[in-house]
Amino acid sequence: MSHFAPLQNDTFLRALLREPVEYTPLWLMRQAGRYLPEYRATRARAGSFLGLAQNPDFATEVTLQPLDRYALDAAILFSDILTVPDAMGLGLYFVEGEGPRFERPLRDEKQVQALAVPPMERLQYVFDAVTQIRTTLAGRVPLIGFSGSPWTLACYMVEGGGSDDFRTVKAMLYNRPDLMRHILSVNAATVAAYLNAQIDAGAQAVMIFDTWGGALADGIYQQFSLQYTREVVQALQKEKNGQRIPSIVFTKGGGLWLEEIADIGADAVGLDWTVNLTKARAAVGNRVALQGNLDPTVLFAGPEQIRQEVAKVLDSFGAHGAGSGHVFNLGHGISQFTPPEAVATLVDAVHTMSRPLHKA
């Protein structure tokens, strides 16, 4: 049996499983991050981003910082999606002001064919952090584990870093689909093993970030992103110590494919701010829970404007009925320039305004 403290607030997990809740729970993508002065202070002590992410003590500290400030309904592991390709031997490093880079991107057939699922021991620092965070949370709220999707990881692995147009990875996709499929198959097996190990370490829900799925053409998305995300979802542990472990899939720019995403077996689908929640709920609302989808830049407006936009998102989802579930979130990660007090306004507004929508 689990050696962790019993959960005091399971609203987030119940919403993901489309069970009745008293209010709409919320958490924020990148909720532990640069907009918080305490995060910047810890990062300075760690010396670098990797120093922060690869040290379970620091990772625990920054994961809990937003929960000490705000009444959020879930914690999310502080880590990076690129830990996975780093464990595959691509050599992750960070350039100040430019972001992540790989020393050995996948550019030729020999490199691609040599790619294999890495031993999970190389990612032990992540699993140690998950267990330490879950223990330190002491049941306050659930802990979310996560990974990048097979396609999104492939973008970084082939490009060697971020990209504006993805021409290197897309050229490989069109010129040598066999090589791209090999990368994606290895990535899918790795991501499934990685997320299952996070669940074993204490994660109570898992999320797959398909950040660059929306960069693909219709038809190509289904073959080269969604298919491999489905493989991951189907390989996930659905239960641990008698508790269901819900899964969330988020494709930024994926509103066009909402119904197809909802059919891959995940419990919830994350939506960016371009999607109409009323239409999304009508299309898939009783198959999956929905997560989202406030435009993150709303948090640069004044308190009254934030409250108005929160009300629009909640009203767009509508009153909750049997078999529906909504987790409030931003449509993408919170900006590092966000005023911390804007988040306090947001959290209070969601919790207060959503209660009437959950009356039986």
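Check the entry above for the structure.
As a starting point, this report considers the structure included with it. (Residues numbered from 1 in each chain as written. Predicted model: local features only at pLDDT ≥ 70, side-chain atom pairs only at ≥ 80, totals over all residues. Heavy atoms only, no water.)

Re the pattern of salt bridges
Convention followed: Whenever a carboxyl oxygen of Asp or Glu lies within 4 Å of a side-chain nitrogen of Lys or Arg, that contact is scored as a salt bridge. A run of DSSP states H or I qualifies as a helix once it reaches four residues; a run of E qualifies as a strand once it reaches two. Both are numbered from the N-terminal end. A 1.4 Å probe rolled over the protein chains alone gives each residue an accessible area, and that area as a share of the maximum for its type sets the label: buried under 20%, exposed over 50%, partly exposed in between.
Overall, the coordinates contain 15 salt bridges when judged by the stated rule. Residue Arg140 is joined to Asp68 by a salt bridge in which the shortest nitrogen-to-oxygen separation is 3.2 Å. You can see Arg140 sitting in the loop between α7 (124-137) and β4 (143-148) and its partner Asp68 sitting in helix α4 (residues 56-69), a full 72 residues away along the chain. Look at Arg140 and you get partly exposed, because its relative accessible area is 31%. The salt bridge partner of Arg176 is Glu109, with a shortest N-O separation of 3.0 Å. Taken together, the positions of Arg176 in the loop between α9 (167-175) and α10 (177-201) and Glu109 in helix α6 (residues 109-114) put the pair 67 residues apart, joining distant regions of the chain.

Overview of the sheet that holds β4
Note the threshold: At least two DSSP bridges between two strands are required for those strands to pair.
Strands sit in the order β1-β4-β5-β8-β9-β10-β11 across an open sheet of seven strands; the sheet is parallel. Of all the strands in the sheet, the pair left with one neighbour each is β1 (75-76) and β11 (326-330). Pairing geometry for strand β5 (residues 205-210) and strand β8 (residues 247-251), over five bridges, is parallel. What sits directly across from Met207, in β8, is Ile248.

Brief notes about the nonpolar core
The tendency in soluble globular proteins is for nonpolar side chains to be buried side by side. Rule in force here: Nonpolar cores are built from buried Ala, Val, Leu, Ile, Met, Phe, Trp, Tyr and Cys residues. Side-chain atoms within 4.5 Å join them into one set. Throughout, a contact is declared for two residues whenever any of their heavy atoms are within 4.5 Å.
Of all hydrophobic cores here, the largest spans 132 residues; its most connected members are Phe12, Trp27, Met180 and Leu346. Top contributing element to this core by residue count: α10, with 13 residues. Beyond its immediate sequence surroundings of up to four residues, Met180 is in contact with Trp151, Ala154, Val158, Val169, Met172, Leu173 and Phe224.

Section: the pairing of β4
Most of β4 is tucked away, with six of its six residues classed as buried. Because side chains alternate across β4, one face comprises the buried residues Leu143, Gly145 and Ser147, and the other comprises Ile144, Phe146 and Gly148, equally buried. One ladder, built from two bridges, connects β1 with β4; its direction is parallel. Looking at the pairing, Ile76 lines up with Ile144 of β4. Here β4 runs beside β5; their pairing, made up of five bridges, is parallel. Directly across from Gly148, in β5, lies its bridge partner Phe209.

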